[in-house]
Number of protein chains: 2
Amino acid sequence: MKSFIEYSSDSDFPIENLPYGVFTSDKNAQKHIGVAIGEWILDLNIISRLFDGPLLKSKQNVFKEEKLNAFMALTKPHWIEARETLQKLLDVSSPALQNNAELREKAFVKQTDVQMHVPVEVGDYTDFYSSLQHATNVGIMFRGKEAALFENWKHLPVGYHGRSSSIVISGTPIHRPYGQTLPVEGAAPHFGPCRLMDFELEVGAFVGGPPTQLGERVCAKDAEDKIFGFVLLNDWSARDIQKWEYIPLGPFTAKNLGSTISPWIVTLEALRPFIVDNFPQDPTPFPYLRHDDKFNFDIKLEVDIQTEKSPVVTTVCRSNYRYMYWTVKQQLAQQTVTGCNLRPGDLLGSGTISGEAADSFGSMLELSWKGTKPVRLSTGEERKFIQDGDTVTLRGHCLNATGLRIGFGRCEGKLLPAIHFQE
Amino acid sequence: MKSFIEYSSDSDFPIENLPYGVFTSDKNAQKHIGVAIGEWILDLNIISRLFDGPLLKSKQNVFKEEKLNAFMALTKPHWIEARETLQKLLDVSSPALQNNAELREKAFVKQTDVQMHVPVEVGDYTDFYSSLQHATNVGIMFRGKEAALFENWKHLPVGYHGRSSSIVISGTPIHRPYGQTLPVEGAAPHFGPCRLMDFELEVGAFVGGPPTQLGERVCAKDAEDKIFGFVLLNDWSARDIQKWEYIPLGPFTAKNLGSTISPWIVTLEALRPFIVDNFPQDPTPFPYLRHDDKFNFDIKLEVDIQTEKSPVVTTVCRSNYRYMYWTVKQQLAQQTVTGCNLRPGDLLGSGTISGEAADSFGSMLELSWKGTKPVRLSTGEERKFIQDGDTVTLRGHCLNATGLRIGFGRCEGKLLPAIHFQE
Ligand SMILES: [Ca+2]
Ligand SMILES: [Ca+2]
Ligand SMILES: [Mg+2]
Ligand SMILES: [Mg+2]
Ligand code: NI
C-alpha cells in the first residue's frame, strides 16, 4: 500500500494508520471530522459523498457531524468499510481524489494549520488500574512488599468512574490545583496548592457500536465489536490531595482537574499487526472475563518532560502497552458485569502502565519512588514531581520488523502555576 | 396564589411548585418539556411563545428542546422569570391561557397519559456521602464505634464520580446484578447474583448556569446560582459486590447498575420557604467550603416497599433532607475545588440520608443493621435486603404551617430477578 500523499518512513500517520480526529481551522470554525495522513488531514466532511460502499452509502451524514459519536455508533463492518474506502481513495493508484485538483485543494489541510478538539462526546469515562507493575509499585510504597497487591486485584480489573467534563485535548494547559492535604499524619489538614503533581501514562480505549441496554452484560469474549480505537491519556493526578480524600470512596478531586488525551483515535484495525500475547493470568479469571484470543498490543510508550528553563526535552519513561495485565476486553466486561449500559464514545482508561525496569514506570510517583530518588533531567535539573512550567508529553507508536509504523501523535500538557485562592 | 387548574390540598404539584420534566405521550412521540400542576402537565413546547418577559423573549427556543439543559444553561434571573411567567399564566385571575379553550386543549396533558423521561442530559454524576448519621452507621457496622468516621469526613464532603449512562427514570425496572463477591473472608471469590441488594435514599441536585471553565473554583458562598433544582434519587447498591471491589478506588460496578431519579425537577425557588438551619459543623470548614446563609431544607423523605405477594405497601423509612451535614453548596465547592469544570445538567447526589431514629435510616443495610435485624413489613413478610419482585418507592414533600405543600412525586423501581449468566 502506498499513498499519493508523501510522508517519511517515521511518520506517525502512514496510510496503514488513518486515525480519526476533529479539527477547526482559521478558515473554518465549524468542527470537521478528519483522518491524519503524513503531515496532512483529509477532511471527511468535504469528501463524505465518496463513502459510497454498500454500508456507508446511506450513512454519509455521520462524516458531517462535529463529533465522532455517530460514526462510532455504527458497527465494525461500517468502520472497516470506511477504512477500506479511505485507503483506496488515498492510494497512489487511485485517481478519484489524486487527480481532482479542486477537490484536493479543499479536502486536505495541513496539521500545523488546525486546532484539534476532543473528538468525541464522552458520555462516561472510567479509569482502570490494570498494570500489575504499577499496582505493585504503589502497593510496595504505601503498604510494603508483602501486602502490595490487594486481594481483589488479580480477580477483577479494578476501576472507578472518572470525570467526563474535564477531559481535554492535547495542548490544553492544566493549572496546579488547590486542595486539602494532610501534610502530617494525625495533625490538622492543610488547604493550599498541591505539592505532589503527577502525570499518569495511560492509553484510553473508546467504546463504539450501538448503545447497549441497561441490564445487558458484554462478556470479554464478545467485547471486540465494542472497541473502536485508542488514544494516549495523561491522567493528571494530585497525589497529596488524593491521599487525604480517597478513603473510603476513591479518588475524586485529585483526578477531575483535567485528563489530557491525544487528538487522533487510532483504530483497532490499524493496531491489529501489533497484537501480542496476553499477560499470563493466574488465577484464571471467571468465565465472564475470559477470552481465548490475543488482545494485547505492542505499543511503545514514552513520556517527555520539558522544563521552562530550556528547550531540551528529557524522556523520563519508556514503557509499553503490552505490560497490561488485564486486556481492554476484560475491562469492558467488568464495566458491564452488573448490567451497566455502554454508549458509543465511552472512554476506558488503561490505568498507569509501568513495566519492570525502573525507567519504565508510568508516573513520577514511581519514577522518583515517592520522591526519594529524584529523576535527573538532561538539563541538569531534578524532578521528584511535576513543577510549574513543566510540559509533559506522552508519545506512543508501534513498529514492526517490516518497518510498518503506526503512531499516536502527542498528548501534551503544560502545568501552569496555581490560581491563587482569594478568601 | 390560586390556579384555575384545580387540585387537592395534598397535591405534590400546586402552583407554588411548578417542577420541570420531559414527557412523551401516545399522541406525540417527540419529547416535550412540561411543568406539573395538580394532576396535569402544562406543555411548554406548545406555549413557548408565551414566555415574553424581557429575558426569555429571545430564548423561547429553550422550551422547544427535548431536554432541559438549554434552559438550565441560562441564569437564575431567567429561571425566576420563567417561574413568574408560569405562575401568572396559571393564575385564576389570568385569562390568556384559562380562556383560550383551543390552546388549553393542546397545552394540558394528564400526567396519567404520558411517559416521563430523564429530563436532562447528565454530563457527569457525582455521588456524595454527606449524612453524618449514615456515615456513622456504616462506620460502626464495618469498623466499630471508635473508628466509625474517617478522619477526613468532617473536613470535606467525601464524594466519588458515578455513572451517567445508567441514570434512569422512575418506573424503570432494575435487574438484580451478577458480580464478584467474597462470601468467606480469605476464601476464593464467588461469581453469581448479588445477595445483598439495597436502595439508598438520596436527593439529587442538578447544576444549572453557564458552563464553568477548567481551573475555575466555585466556592460555597458563590454556589447558589449554580443550583437549578432537586429530584429524588435511589442509588441502587449491591452491597456484597461493593465490599469486594471497592478497595482501593471506590464503588464501581456495585453502583453503576442503575440509579433511579424522580421525573420532576423541583426548583430551588419552590423550596425556598422550607429553608432551615444548616447542620452545625465542627470543626469549621476551610474558607472555600464556608457560606453564611442557611441552605438546608426541610424535605420529608419516605421509602416504601411493596412485595410481589401483596398490594400492601410498607413505609420502611422516614427521613429528612435536613439531616445533611454538608450543604449542596459545599458539595459543589468540593466538586470544583481543584478546578473541575461544571456543565449544566451535572447531577450531585446527596448520599444516603439517615436520621438518628432507627426508622429514619436511608438504606436496608442500616434499617436491618447489616442483616441482623429483619425489617417487618405490613404484610407479615420480613426483609433484610431487597428481594426479587420488590418495588421500592422514594417519596418526598415539604409542608409548612400555612399548609403549603411542595412535593417531589415518586421515584420508583422494581427489582427483577437476575438475568441468568450463560457461559
Ligand atoms: Ca489513572
Ligand atoms: Ca450513594
Ligand atoms: Mg483524570
Ligand atoms: Mg447509582
Ligand atoms: Ni429486562
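The rules behind these values
- Residues numbered from 1 in each chain as written.
- Chains lettered and ligands numbered in written order.
- Predicted model: local features only at pLDDT ≥ 70, side-chain atom pairs only at ≥ 80, totals over all residues.
- Heavy atoms only, no water.
- UniProt positions renumbered as here; feature names shortened; annotations may be inferred.
- 1 Å grid on protein atoms, 1.4 Å probe; cavity = no way out; pocket = protein on both sides within 12 Å on 5 of 7 lines; lining within 4 Å.
- Helix = DSSP H or I, 4+ residues; strand = E, 2+ residues; numbered from the N terminus.
- Contact = heavy atoms within 4.5 Å.
- Buried < 20%, exposed > 50% of the residue type's maximum accessible area, 1.4 Å probe, protein only.
- Polar contact = N/O pair within 3.5 Å; in protein donor to acceptor, adjacent residues only side chain to side chain.
- Pairing = 2+ DSSP bridges.
- Points joined across faces, edges and corners; volume = space filled by probe spheres on them.
- Nonpolar A, V, L, I, M, F, W, Y, C, P; charged D, E, K, R; others polar.
- Phe/Tyr/Trp six-rings, centres within 6.5 Å; stacked < 30°, edge-to-face > 60°.
- Buried area = accessible area lost by both parts, 1.4 Å probe.
- Salt bridge = Lys/Arg side-chain N within 4 Å of Asp/Glu carboxyl O.
- Donors = N, O, S within 2.8 Å, 3.2 Å for Na, K, Ca; no water.
- Least-squares fit on C-alpha atoms with pLDDT ≥ 70 in both.
- Domains from an automatic or database assignment.

**Some details on the UniProt feature "binding site: substrate" (unreviewed entry) in chain A**
Residues and elements named next belong to chain A. Taking the UniProt record as the reference, the feature "binding site: substrate" (unreviewed entry) is found at Tyr129, Arg143, Gln242, Tyr246 and Thr352. Lining residues of the largest pocket drawn from the annotated set just named are Tyr246. Mapping Tyr129 onto the fold places it in the loop between strand S6 (125–128) and helix H5 (132–143). With respect to the helices and strands, the residue Gln242 is situated in helix H6 (residues 239–245). Residue contacts for Gln242: discarding those within four places in its chain leaves Ser237, Pro251, Ala254 and Lys255.

**With respect to the side chain of Gln87 of chain B**
Residue and element names in this part refer to chain B. Along the polypeptide, Gln87 turns up in helix H2 (residues 76–90). Since its relative accessible area comes to 12%, Gln87 is described here as buried. Of note is the side chain of Gln87, whose polar atom sits 3.0 Å from the backbone oxygen of Ile15. If sequence neighbours within four positions are ignored, Gln87 has contacts with Met1, Ile15, Glu16 and Leu18.

**Things to note about the sheet that holds strand S26 (residues 405–416) of chain A**
As summarised here, the arrangement of the 5 strands in space is S9-S26-S25-S20-S21 (chain A), forming an open sheet in which the pairing is mixed. Edge positions in the open sheet fall to strand S9 (174–175) and strand S21 (313–320) of chain A, since each of these has one partner strand only.

**Remarks on the layout of surface pockets**
Residue and element names in this part refer to chain B. Taken as a whole, the largest pocket encloses approximately 1,100 Å³ of empty space. If you go around the largest pocket, you meet 41 residues; those closest to its centre are Phe142, Gln242, Lys243, Trp244 and Tyr246. For the lining of the largest pocket, the elements supplying multiple residues, two or more each, are strand S6 (125–128), helix H5 (132–143) and helix H6 (239–245). Looking at which element gives the most residues to the lining of the largest pocket, the answer is H6, with 5 residues. When its residues are assigned to classes, the lining of the largest pocket shows 22 nonpolar, 6 polar and 13 charged.

**Here's the deal with the pairing of S26 of chain A**
Residues and elements named next belong to chain A. One ladder, built from 2 bridges, connects S9 with S26; its direction is parallel. Directly across from Ile174, in S26, lies its bridge partner Leu415. For strand S25 (residues 391–399) and S26, the ladder comprises 8 bridges, and the chain directions are antiparallel. Counted as the bridge partner of His397 is Gly407 from S26. Count of turn residues in the S25/S26 antiparallel hairpin: 5 residues, of which Gly403 carries a positive phi of about 90°.

**A short note on the packing of aromatic side chains**
Applying the stated criterion across every chain yields a total of 46 aromatic pairs over all chains. Residues Phe230 of chain A and Tyr321 of chain A carry aromatic rings whose centres are separated by 6.2 Å and whose planes lie at 70° to one another, so their mutual orientation is edge-to-face. Separated by 91 residues along the polypeptide, Phe230 of chain A in strand S14 (residues 227–235) and Tyr321 of chain A in the loop between S21 and helix H8 (328–336) bring together distant segments of the chain. A single burial state applies to Phe230 of chain A and to Tyr321 of chain A, both of which are buried. Taking the centre distance of 6.1 Å and the plane angle of 50° together, the rings of Phe297 of chain B and Tyr321 of chain B count as tilted. With Phe297 of chain B in strand S19 (residues 296–297) and Tyr321 of chain B in the loop between strand S21 (313–320) and helix H8 (328–336), the pair connects residues that are 24 residues apart, well separated along the chain. Just as Phe297 of chain B is buried, Tyr321 of chain B falls in that class too.

**Some points on the interface of chain B and chain A**
The interface is formed by 68 residues belonging to chain B together with 68 residues belonging to chain A. Of the roughly 6,200 Å² buried between chain B and chain A, counting both surfaces, carbon and sulfur atoms make up 61%. For the interface between chain B and chain A, the tally reads 6 salt bridges. Where Arg163 of chain B meets Asp346 of chain A, a salt bridge forms, and the shortest distance between an N and an O atom there is 2.7 Å. Inspection of the chain B/chain A interface yields 30 residue pairs in polar contact (both at pLDDT 80 or more). For the side of chain B that touches chain A, a count of residues per class yields 34 nonpolar, 23 polar and 11 charged.

**Some details on the coordination of the calcium ion (ligand 1)**
Residues and elements named next belong to chain A. Listed as protein donors to the calcium ion (ligand 1) are Asp127 (OD), Glu200 (OE), Glu202 (OE) and Asp235 (OD); their distances from the metal cover 2.2 to 2.3 Å. We note that the donor set of the calcium ion (ligand 1) lies within a single chain, spaced as D-x72-E-x1-E-x32-D. Of this pair, Glu200 sits in the loop between strand S12 (197–198) and strand S13 (201–207) while Asp235 is found in strand S14, placing the two residues 35 residues apart along the sequence. Overall, the relative accessible area of 1% leaves Asp235 in the buried class.

**Some words on the relation of the copies chain B and chain A**
Superposition of the two copies of the chain requires a rotation about an axis and a shift along the axis. When chain B is fitted to chain A, the residual RMSD is 0.0 Å, and the transformation amounts to a turn of 180° plus an axial shift of 0.0 Å. Seen this way, the second copy is the image of the first under a two-fold rotation axis. Within chain B, the C-alpha atom positioned nearest to the axis of rotation is that of Gly250 of chain B, 2.1 Å from it. A share of 100% of the interface residues of chain B reappears at the interface of chain A, consistent with the copies meeting face to face through the same patch.

**What to know about the environment of His420 of chain B**
Along the chain, His420 of chain B turns up in the segment after strand S26 (405–416). Here His420 of chain B falls in the exposed class, since its relative accessible area comes to 57%. C-alpha of His420 of chain B to C-alpha of Tyr178 of chain B: the two residues are 242 residues apart in sequence and 8.4 Å apart in space. With near-sequence residues (within four places) excluded, His420 of chain B lies in contact with Arg217 of chain A together with Tyr178 of chain B. Of note is the side chain of His420 of chain B, whose polar atom sits 3.4 Å from the side chain of Tyr178 of chain B.

**Points about the domain arrangement of chain A**
Residues and elements named next belong to chain A. When cut into domains, chain A gives domain 1 (20–117) and domain 2 (125–416). Distance from the C-alpha centre of domain 1 to the C-alpha centre of domain 2: 30 Å. Carbon and sulfur atoms supply 70% of the area buried between domain 1 and domain 2, which totals about 1,600 Å² over both sides. Looking at the side of domain 1 facing domain 2, the largest losses of area belong to Tyr20, Met72 and Lys76, adding up to 39% of the total buried there. Scanning the region where domain 1 abuts domain 2 turns up 2 salt bridges. Among the salt bridges present, the one from Glu269 reaches Lys76, with a minimum N-O distance of 3.5 Å. Our enumeration of links across domain 1 and domain 2 arrives at 3 residue pairs in polar contact (both at pLDDT 80 or more). Every element with two or more residues in the side of domain 1 that touches domain 2 is listed here: strand S1 (20–25), strand S2 (32–37), helix H1 (69–72), helix H2 (76–90) and strand S5 (114–117). If one sorts the elements of the side of domain 1 that touches domain 2 by residue count, H2 sits on top with 4 residues. For the side of domain 1 that touches domain 2, the per-class residue count stands at 12 nonpolar, 6 polar and 2 charged.

**Digging into H8 of chain A**
Within H8 of chain A, 9 of the 9 residues are buried, leaving the element largely enclosed by the surrounding structure. For H8 of chain A, the set of buried residues is Val328, Lys329, Gln330, Gln331, Leu332, Ala333, Gln334, Gln335 and Thr336 of chain A. Close packing links the buried residues of H8 of chain A with S6, strand S7 (159–161), S13, S14 and strand S22 (347–349) of chain A together with H6 of chain B.

**Observations concerning the pairing of strand S14 (residues 227–235) of chain B**
Residues and elements named next belong to chain B. Here S14 lies mainly inside the structure; 9 of its 9 residues are buried. Alignment of strand S13 (residues 201–207) against S14, held across 7 bridges, turns out to be antiparallel. Among the inter-strand pairings, Leu201 is bridged to a residue of S14, identified as Asn234. With 2 bridges joining them, S14 and strand S17 (residues 266–267) adopt antiparallel strand pairing. By the bridge assignment for S17, Gly229 is matched with Thr267. Across 3 bridges, the pairing between S14 and strand S16 (residues 259–261) is antiparallel. Following the sheet pairing, Leu233 is matched in S16 by Ile261.

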